[in-house]
Amino acid sequence: PGWSLPVVGQDYLEILSAWYCSFGRCCKTGDCRIVNNITGLEADLNGQLHGQHLAKEVVVRAVQGFLQSPQPQKALVLSFHGWSGTGKNFVARMLASHLYRHGLKSKCVRVFISLFHFPYHKYVDSYKAQLKKQISETVQLCKQSLFIFDEAEKLHFSLLDAIKPFMARYDNKGQVDYRRSIFLFLSNLGGNTINEVALDFWRAGRAREEISMEFLEQRLRLELLEPAENSYAHSHLLEENLIDFFVPFLPLEYHHVKLCARDAFLARGLPYTEAALDEVARMMVFVPKEEKLFSAQGCKSVSQRINYFLP
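As the structure is a computational prediction, the values presented were derived from the model and not from experiment. Along every chain, residues carry numbers that run from 1 in the direction the sequence is written. Two thresholds apply to this predicted model, a pLDDT of at least 70 for residue-level local features and 80 or more for giving and counting side-chain atom pairs, whereas whole-chain, interface and lining totals are computed over all residues. The basis for every side-chain value is the complete set of non-hydrogen atoms in the structure, without hydrogens or water.

### What about the overall build of the chain?
Stage number 1. Helix and strand labels come from DSSP, where a helix needs a run of H or I of at least four residues and a strand needs a run of E of at least two; each type is numbered from the N terminus. Assigned secondary structure in the chain consists of 14 helices and seven strands.
Stage number 2. Relative accessible area decides the class of each residue, using a 1.4 Å probe on protein chains only: under 20% of the type maximum gives buried, over 50% gives exposed, and in between gives partly exposed. Across the 311 residues of the chain, 47% fall into the buried class.
Stage number 3. Any two residues having at least one pair of non-hydrogen atoms within 4.5 Å are treated as being in contact. For the chain, long-range pairs separated by at least 24 residues make up 75% of all intrachain contacts whose partners lie at least 6 apart in sequence.
Stage number 4. Within the structure as shown, the chain displays about 16300 Å² of accessible surface, and the carbon and sulfur contribution to it stands at 54%. Every accessible area reported is derived by Shrake-Rupley at a probe size of 1.4 Å, with residue values counting cover from the shown protein chains alone.

### Digging into the nonpolar core
Stage number 1. Of all hydrophobic cores here, the largest spans 76 residues; its most connected members are V63, F80, I135, F149, F183, L184 and F185.
Stage number 2. No other element matches the nine residues that helix α3 (residues 53–68) contributes to this core.
Stage number 3. The contacts of L184, once residues within four sequence positions are left out, are L78, F80, A92, L95, L146, F147, I148 and F149.
Stage number 4. Buried residues of nine kinds, namely Ala, Val, Leu, Ile, Met, Phe, Trp, Tyr and Cys, make up a nonpolar core once their side-chain atoms join them within 4.5 Å. In terms of nonpolar packing, the next biggest core, distinct from the first, is built from 15 residues, C260, F265, L277 and A281 among them.

### Digging into the confidence of the model for the chain
Stage number 1. Looking at any residue, its pLDDT shows the predictor's confidence there, from 0 to 100. Per-residue pLDDT for the chain averages 87, and the proportion of residues at 70 or more is 87%.
Stage number 2. Low pLDDT (under 50) marks residues 1–14, which in the prediction has seven contacts with non-local residues, meaning those over four places away or in another chain.

### Topic: the packing of aromatic side chains
By convention here, two paired aromatic rings are described through the distance between centres and the angle between planes.
Stage number 1. Centres within 6.5 Å make a pair out of two Phe, Tyr or Trp rings, where for Trp the six-membered ring is used; the pair is then stacked when the planes are under 30 degrees apart, edge-to-face when over 60, and tilted otherwise. What the rule picks out here adds up to twelve aromatic pairs.
Stage number 2. Ring centres of F201 and F215 lie 5.5 Å apart, and the angle between their planes is 75°; on these two criteria the pair is classed as edge-to-face. Pair noted here: F201 is in helix α9 (residues 191–203) and F215 is in helix α10 (residues 213–225), with a separation of 14 residues, a long-range link.
Stage number 3. Classification of F201 by relative accessible area gives buried; the value is 6%.
Stage number 4. Following the ring pairs from residue to residue traces out a cluster consisting of F112, F118, Y120, Y123, Y127, F149 and F185.

### A look at the environment of S303
Stage number 1. With respect to the element layout, S303 can be found in helix α14 (residues 302–305).
Stage number 2. Judged by its relative accessible area of 34%, S303 is partly exposed.
Stage number 3. Residues S303 and R268, spaced 35 residues apart in sequence, show a C-alpha to C-alpha distance of 9.3 Å.
Stage number 4. Polar contacts involving the side chain of S303 include one to the side chain of Q304, which spans 3.3 Å. Polar contact is defined as a pair of N or O atoms within 3.5 Å, subject to the rule that within protein one atom must be able to donate a hydrogen and the other to accept it, and that residues adjacent in sequence are counted only when both atoms are side-chain atoms.

### Examining the pairing of strand β3 (residues 145–150)
Stage number 1. With six of its six residues buried, β3 lies for the most part within the structure.
Stage number 2. Every second residue of β3 is oriented toward a common face, with S145, F147 and F149 on one face and L146, I148 and D150 on the other, all of them buried.
Stage number 3. Pairing of strand β2 (residues 109–113) with β3 involves five bridges; the strand directions are parallel. By the bridge assignment, V109 is partnered in β3 with L146.
Stage number 4. Here five bridges tie β3 to strand β4 (residues 181–187), and the two strands are oriented parallel to one another. By the bridge assignment, F149 is partnered in β4 with F185. When DSSP finds at least two bridges between two strands, those strands are taken to pair.

### Observations regarding the state of the cysteines
Stage number 1. Defined by distance alone, a disulfide is two cysteine sulfur atoms within 2.5 Å. Taken as a whole, this structure holds two disulfides when the rule is applied.
Stage number 2. One disulfide bridge connects C108 with C142, the sulfur atoms lying 2.1 Å from each other. In this structure, the disulfide formed by C108 and C142 twists by about -90° around the S-S bond and is classed as left-handed. Placement of the pair is C108 in the loop between α4 (88–99) and β2 and C142 in the loop between α6 (124–141) and β3, with a sequence separation of 34 residues.
Stage number 3. Accessibility expressed as a relative area gives 3% for C142, which makes it buried.

### Focus: the sheet that holds strand β5 (residues 245–248)
Strand-to-strand pairing in sheets goes through backbone hydrogen bonds, with the strands running parallel or antiparallel.
Stage number 1. Here we have five strands laid out as an open sheet, ordered β2-β3-β4-β1-β5, and parallel in their pairing. The two strands at the open ends of the sheet, each matched to only one other strand, are β2 and β5. Each neighbouring strand pair of the sheet contributes to a mean axis angle of 15°, computed without reference to strand direction.
Stage number 2. Relative to β5, strand β1 (residues 76–81) runs parallel, the two being bridged by four bridges. Among the inter-strand pairings, L78 is bridged to a residue of β5, identified as F245. For helices, the axis comes from a line fit to the C-alpha atoms of the stretch in contact; other axes are also lines fit to C-alpha atoms, and the angle between any two N-to-C directions lies between 0 and 180 degrees.

### Quick look at helix α13 (residues 274–282)
Stage number 1. Residues of α13 that are buried include every one of A276, L277, D278, V280 and A281, and no others.
Stage number 2. Of the surrounding elements, those touching the buried residues of α13 are α12 (254–267), β6 (286–287) and α14.

### What to know about a nonpolar patch on the surface
Stage number 1. What goes into a patch is any residue over 30% in relative accessible area without a salt bridge, connected to like charges within 9 Å or, for nonpolar side chains (Val, Leu, Ile, Met, Phe, Trp, Tyr), within 5 Å. Salt-bridge detection follows one rule: a side-chain nitrogen of Lys or Arg within 4 Å of a carboxyl oxygen of Asp or Glu. A contiguous nonpolar patch, built from L104, V111, I113 and F116 and spanning about 350 Å² of accessible area, is present on the exposed surface.
Stage number 2. Following the sequence through the fold, V111 ends up in strand β2.

### Re the pattern of salt bridges
Stage number 1. Tallied over the full model, the rule gives 13 salt bridges.
Stage number 2. The shortest N-O distance in the salt bridge between K164 and E240 comes to 2.9 Å. Of this pair, K164 sits in helix α8 (residues 164–167) while E240 sits in the loop between α11 (231–234) and β5; the two residues are 76 residues apart in sequence, bridging distant segments of the chain.
Stage number 3. A residue is classified by how much of its surface remains accessible, and K164, at 17% relative accessible area, is buried.
Stage number 4. Take E240: its relative accessible area is 38%, and that puts it in the partly exposed class.
Stage number 5. Among the salt bridges present, the one from E253 reaches R208, with a minimum N-O distance of 3.0 Å. One end of the pair, E253, is in the loop between β5 and α12; the other, R208, is in the loop between α9 and α10, with 45 residues separating them in the sequence. The same class applies to E253 as to R208, namely buried.
Stage number 6. Connected through shared salt-bridge partners, K258, E274 and D278 make up one network.

Quick look at the structure:
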């Protein structure tokens, strides 16, 4: 008799989800698309993300605390900063794969690449309407959504301002609740500040693991506020404190590149030697010119370079 009643919208989705989950293919959330495997996320970050003690700690704690909150006041907003190849995209992919059954292919995950999805400033009004529509549709479809913005500093600032309401504190006035959404912004911006701090610690004979979040985050925020050609400085995200954590990705050193090379060999089921790992690492360019301490490309292109060792 219950099926004779009018069932629409979210109620309909709830019933379908409950029915599908009755076959035992769902997790505790009741949404078949969501797995939220924080234990697996932490284990993989510890095993596969090299040289990033701050990113590991902040991401796990922030995401775990957010997911465990029975009623968060707002969406979780994380902004990843650092040089190319230091692990920003890697962590974003890892988050998607551990929070959702189908990872980046999940209908609950949307990835936006600035210069690919929003290349022309003259169409920014059209982009704003499309972006807001896509976010709204995803949130209505999923109890928990993940939005990844790559090359965030290249977004037109009005696009960031257009999606502010999705990241702000929930006012209960709208019909759609965005508080269970996670927003990730990935940017090379701030990389020079992060690298200067890491270099100063090295020159002072201090371990990079001594660099604290409190020490680095404030310097990173100040760089992002500098008047420059970046979306952060011109939007209201910083002014209104909508970004919960600025996550710094430190520059990678020689031994980190070797670990990335080891992972690349293992991922392809190939044997390796210490000599081979050293040879891959030596192929990379290291800076500054005097110390040659940090890989200019991070671990990017390491997986391609092991092709030299194939028969």
